[in-house]
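# Results of the structural survey
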Amino acid sequence: MNKFDIRYEIRRAGIQDKAKIMDFIKHQWKKTHILANDSSFFDYEFREEEDLNFIVAFEKQNDELAGIIGYIKASNNTELLDVWGVMWKVADSLNPMPFLGLELMKRMISYTKCRAEIGVGANIHTSVPMLKMFLKFEVNKMDHFYRIADLNDYKIADINKKIFVAQSCAANSYLQVIRNVGELETLFDFSQFKNMIPYKDLWYINKRFLNHPIYKYLIWGVKSGGTVKSILIAREVEHNERKALRIVDYIGEKDTFMGLYNEFAVMLNDYEYIDCYCYGMNPKVMHAAGFIKRNDLDNNIIPNYFEPFVKENIDIWVNSNLDGCFYFKGDGDQDRPNIMNRLSDAEQGM
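Residues numbered from 1 in each chain as written. Predicted model: local features only at pLDDT ≥ 70, side-chain atom pairs only at ≥ 80, totals over all residues. Heavy atoms only, no water.

## Quick look at helix H2 (residues 18-28)
Along H2, the residues that are buried comprise Lys18, Ile21, Met22, Phe24 and Ile25. Buried residues in H2, looked at end-on, bunch into an arc of 155°, giving them a common side. In this structure, H2 carries Ala19 and His27 as exposed residues pointing more than 90 degrees from its buried face. Lining the buried residues of H2 we find strand S1 (8-14), helix H3 (34-37), helix H4 (39-46), strand S3 (51-59), strand S4 (65-73) and strand S5 (82-90). (Buried < 20%, exposed > 50% of the residue type's maximum accessible area, 1.4 Å probe, protein only. Helix = DSSP H or I, 4+ residues; strand = E, 2+ residues; numbered from the N terminus. Arc of directions from axis to C-beta. Contact = heavy atoms within 4.5 Å.)

## Here's the deal with the side chain of Lys329
Tracing the sequence through the fold places Lys329 in the segment after strand S18 (327-328). On the accessibility criterion, Lys329 (6% relative accessible area) is buried. Lys329 has contacts with Met142, Arg246, Ile247, Val248, Tyr277, Asn304, Ile316, Gln334 and Asp335, leaving out every residue within four places of it along the chain.

## So, the packing of H2 against H4
Across the interface, H2 lies against H4 with an axial gap of 12 Å and an inter-helix angle of 105°. In terms of orientation, H2 and H4 fall into the roughly perpendicular class. Of the residues in H4, those touching H2 at Lys18, Ile21, Met22 and Ile25 are Ser39, Phe42 and Asp43. A per-class count over the contact of H2 with H4 returns 4 nonpolar, 1 polar and 2 charged. (Axes fitted to C-alpha atoms, helices over the stretch in contact; angles between N-to-C directions. Parallel < 35°, antiparallel > 145°, perpendicular 65-115°, else oblique. Nonpolar A, V, L, I, M, F, W, Y, C, P; charged D, E, K, R; others polar.)

## Here we look at the confidence of the model for the protein
Confidence along the protein averages 94 in pLDDT terms, with 97% of residues attaining 70 or more. Predicted confidence for residues 343-350 stays below pLDDT 50, and this span has 8 contacts to residues more than four positions away or in other chains. (pLDDT = per-residue confidence, 0-100.)

## Re the packing of aromatic side chains
Following the criterion strictly, the structure yields 18 aromatic pairs and no others. Both rings, one in Tyr250 and one in Phe257, keep their centres 5.3 Å apart while their planes meet at 85°; by these two values the pair is edge-to-face. Three or more aromatic residues joined by ring pairs form one cluster here, namely Trp84, Tyr204, Phe209, Tyr215 and Tyr217. (Phe/Tyr/Trp six-rings, centres within 6.5 Å; stacked < 30°, edge-to-face > 60°.)

## Regarding unusual backbone geometry
Following Ile197, the chain continues into Pro198 via a peptide bond in cis, with omega recorded as 0°. Looking at the secondary structure, you find Pro198 in the loop between helix H7 (181-187) and helix H8 (202-210). Here Glu307 and Pro308 are connected by a cis peptide whose omega angle stands at 0°. Looking at where Pro308 falls in the secondary structure, it is placed in the loop between strand S15 (305-306) and strand S16 (309-310). Unusually for a residue other than glycine, Phe99 sits at a positive phi of about 70°. Within the element layout of this structure, Phe99 appears in the loop between S5 and helix H5 (100-112). According to the relative accessible area criterion, Phe99 is partly exposed, its value standing at 46%.

## Re the environment of Gly226
Mapped onto the fold, Gly226 is located in the loop between strand S10 (218-224) and strand S11 (227-239). For the pair Gly226 and Ser173, spaced 53 residues apart in sequence, the C-alpha to C-alpha distance is 9.1 Å.

## Details of the state of the cysteines
As used in these notes, a disulfide is a covalent bond between sulfur atoms, one from each of two cysteines. Applying the stated rule across the entire model yields 0 disulfides. The structure places no disulfide on Cys278, whose sulfur is separated from the nearest cysteine sulfur, that of Cys276, by 3.9 Å. (Disulfide = S-S within 2.5 Å.)

## Thoughts on the pattern of salt bridges
Pairing is possible between side chains of opposite charge, provided their charged atoms come close. Inspection of the entire model under this criterion finds 26 salt bridges. Among the salt bridges present, the one from Lys200 reaches Asp331, with a minimum N-O distance of 2.7 Å. With Lys200 in the loop between H7 and H8 and Asp331 in the segment after S18, this residue pair connects regions lying 131 residues apart in the sequence. Accessibility classification places Lys200 together with Asp331 in one group, the buried group. The salt bridge involving Asp333 is made with Arg336; its shortest N-O contact spans 2.9 Å. The same class applies to Asp333 and to Arg336, which are both buried. Put simply, Arg12, Glu48, Asp51 and Lys73 are held in one network by salt bridges that share partners. (Salt bridge = Lys/Arg side-chain N within 4 Å of Asp/Glu carboxyl O.)

Here you go:
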């Protein structure tokens, strides 16, 4: 018997564990966390009939929840299943066995039989060292690209130096609005990109973006040569009576992105800037579309947090047990609503 199994009952969670998991998140993570307070959103993220997409560890002695790791599936394809690990936490107050968190990660990978376990938003001070040292995961920092409108002032970003990229190649890609899953199924064949990690299918895009219960996502087909070669997904954010557009996912032929220079120029009539967190996109492709890579030298601030708004540059770290993964801001649980904007002061206990 595994030494962890002597002390803990480690298994996939069922609907009967939901209240305990939500309470665990409230007390071990943050009391205003949306997954600790919004039952319907919790179900949207993790429920599959009578099961929950969590691996949990319960103390056998008193049935207290000692640790959790959730997972979000990138497709409904069991043979090419890639998953994002999310909500990875051990209750330090229960004096857990050393490396219980790592054991939960291993059990999740074993249980799901996933091709790749992928993480977005790893803590550089805690989980990143463990992932690199003990699991030998590949760990990288996401690139943050942005393209600003030429304005006299900026109310969301802090632009100390305007940087614009001149058009360098033919703008031969065009955007076609996609409104529903039927249009998406007709226009784009996801199976062409089964070798892309993670592999995302029609089921995933429909659940994650088209049927999101809170956010409204904008979805376009990227057309080149008369056919849709890629899918672009974004979300509007607003602050100080200004809007920005955040690209959260891109699936398909990467090079078609560089042909969107003029399309993004038109979009910037409505937005202060367009930004994109990603890893695996060639910076030359992004540059050809008019984007620059944020770095410490340009001294500009392109905020990441909007709920609540924080005018800071934020680095996002990603990891996987496989090399060559392709990451975007919308992966895992990174682009998730914050409960603070959805509760009254009384409900927040203020």
